[in-house]
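# An overview of the molecular structure
In case you want the letters, here they are:
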Amino acid sequence: MKKITISPSLLACDFLHLEDEVKSAVAAGAGMFHADVMDGVYVPNISFGFDIIKSIVRVSDIPVDAHLMIKKPQNYIDVLKNAGVYSVTVHSDFDSPELVRRTLEDIKAAGMKAGLALRPCFPAETVLPYADICEIFLVMTVEPGFGGQKFMSDMIPKIREIKKIADGADHEISVQVDGGIGEATIGAVSEAGADNFVIGTAFFKAEDRKSAVEKFIEAAK
């Protein structure tokens, strides 16, 4: 049976009560936390830094996935390793293909899972040169930088194509989706091949988070 991972996006949580939010998500059945790091340069927003991620890891019983929407992710690999994150995802266009690849190699060498994210404007074949080294392909289904945006349904064909590329690799690659994912959209992206679902507003604003996770999983199946 297909493995389904629900990854609450911490960007949508109540930071005034961060520890309670983390523990609530774990109790609700979340499989992974998604931590969006933004620098105000690569994207026009600033989120939170590495000390916050370290604190989340310390009180979390599930893996933390760092999504770096920053201009120089290569500078922070050791910091993230020391923070205890499970995986690090960088964007395909943060710099030259050579530096993107070297950064992914350094992430793996540090003992973390390496992920590559695609903004909506980039085609599926962008991931091909990195399929031998990545363990996560992240398809952005909104423009990166802000939470609460509307899901872009025209990304579904891209998810299908990336799933085919992932299936052709000689190791397991998770297909992750991020942006506007909720009960109404999760079924379509799951059918297209996604298995890891980053959910922000629809998770943290749910009155009953455990019930919400159950509904997400059921819809994804």
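Please refer to the structure higher up on the page.
Residues numbered from 1 in each chain as written. Predicted model: local features only at pLDDT ≥ 70, side-chain atom pairs only at ≥ 80, totals over all residues. Heavy atoms only, no water.

## So, helix 8 (residues 209-220)
Counted only if it meets this: Here a strand is any run of E in DSSP of at least two residues, a helix any run of H or I of at least four, and the numbering for each starts at the N terminus. Given a helix with a known number of residues, its expected span is that number minus one, times 1.5 Å. The cut-offs for exposure are 20% and 50% of the maximum accessible area for each residue type, with area from a 1.4 Å probe on protein chains only; residues under the lower value are buried, those over the upper are exposed, and the others partly exposed. Read the arc as the range of directions from the helix axis to the C-beta atoms. The definition of a polar contact used here is a pair of N or O atoms within 3.5 Å, where within protein one atom must be able to donate a hydrogen and the other to accept one, and adjacent residues in sequence count solely through side-chain atom pairs.
Helix length check: helix 8 (twelve residues) gives 16 Å between terminal C-alpha atoms against 16 Å at 1.5 Å per residue, within 8%. Every buried residue of helix 8 is listed here: Arg209, Ala212, Val213, Phe216 and Ala220. Projected down its long axis, helix 8 shows its buried positions confined to an angular sector of 100°, all on one face. For helix 8, the side-chain oxygen to backbone nitrogen distance between the N-cap and Lys210 is 3.2 Å, and the N-cap itself is Asp208.

## Regarding the packing of aromatic side chains
Test applied: Note on aromatic contacts: the rings of Phe and Tyr and the six-membered ring of Trp form a pair at centre separations within 6.5 Å, being stacked when their planes are under 30 degrees apart, edge-to-face when over 60 apart, and tilted otherwise. Put simply, a charge is over a ring when the Lys NZ or the Arg CZ is close to the ring centre, within 6 Å, and near the line of the ring normal, within 35 degrees.
Applying the stated rule across the entire model yields three aromatic pairs. Arranged with centres 5.5 Å apart and planes meeting at 50°, the rings of Phe15 and Phe48 form a pair that is tilted. With Phe15 in the loop between strand 1 (5-8) and helix 1 (18-28) and Phe48 in the loop between strand 2 (33-38) and helix 2 (50-59), this residue pair connects regions lying 33 residues apart in the sequence. Above the plane of the ring of Tyr42 lies Arg119, whose end atom (NZ or CZ) is 4.8 Å from the centre.

## Focus: the sheet that holds strand 3 (residues 64-69)
Our working definition: By this definition, two strands are paired if DSSP reports at least two bridges between them. Axis definition: a line fitted to C-alpha atoms, over the contacting stretch in the case of helices. Angles run 0 to 180 degrees between N-to-C directions.
Strand order in the open sheet formed by eight strands is 1-8-7-6-5-4-3-2, and the pairing between neighbours is parallel. The open sheet has two edge strands with one neighbour each: strand 1 and strand 2. On average, each strand axis in the sheet is tilted by 25° relative to the strand beside it, whichever way the strands run. Taken together, the three bridges between strand 7 (residues 174-178) and strand 8 (residues 196-199) define a ladder with parallel strand orientation. Among the inter-strand pairings, Gln176 is bridged to a residue of strand 8, identified as Asn196.

## Focus on the side chain of His91
Stated formally: When checking whether two residues touch, look at their non-hydrogen atoms; a contact exists if any pair is within 4.5 Å.
By the secondary structure assignment, His91 is in strand 4 (residues 87-91). Of note is the side chain of His91, whose polar atom sits 3.2 Å from the side chain of Tyr42. Those residues in contact with His91, other than ones at most four positions away along the chain, are Tyr42, His67, Leu68, Met69, Val100, Leu116, Ala117, Leu118, Arg119, Met140 and Pro144.

## Description of helix 1
For helix 1, the full list of buried residues reads Leu18, Glu21, Val22, Ala25 and Ala28. The arc enclosing the buried residues of helix 1, seen along the axis, measures out at 130°, which places them on a common side. Every exposed residue of helix 1 that faces more than 90 degrees away from the buried side is listed here: Asp20 and Ala27. The inward-facing, buried residues of helix 1 abut strand 1, strand 2, helix 2, helix 7 (201-204) and helix 8.

## Digging into the pairing of strand 3
The condition is simple: By the criterion used throughout, a crossover qualifies as right-handed when its path from the first strand across the helix to the second strand runs clockwise, the strands pointing away from the viewer.
With respect to burial, strand 3 is a largely interior element, six of its six residues being buried. Residues of strand 3 alternate between two faces, with Val64, Ala66 and Leu68 on one and Asp65, His67 and Met69 on the opposite face, all of them buried. The sheet contact formed by strand 2 and strand 3 spans six bridges and is parallel. Of the residues in strand 3, the one forming a bridge with Val37 is Leu68. Each parallel crossover has a hand, and for strand 2 linked through helix 2 to strand 3 it is right-handed.

Such coordinate-based values are descriptive only and should not be taken to indicate function.
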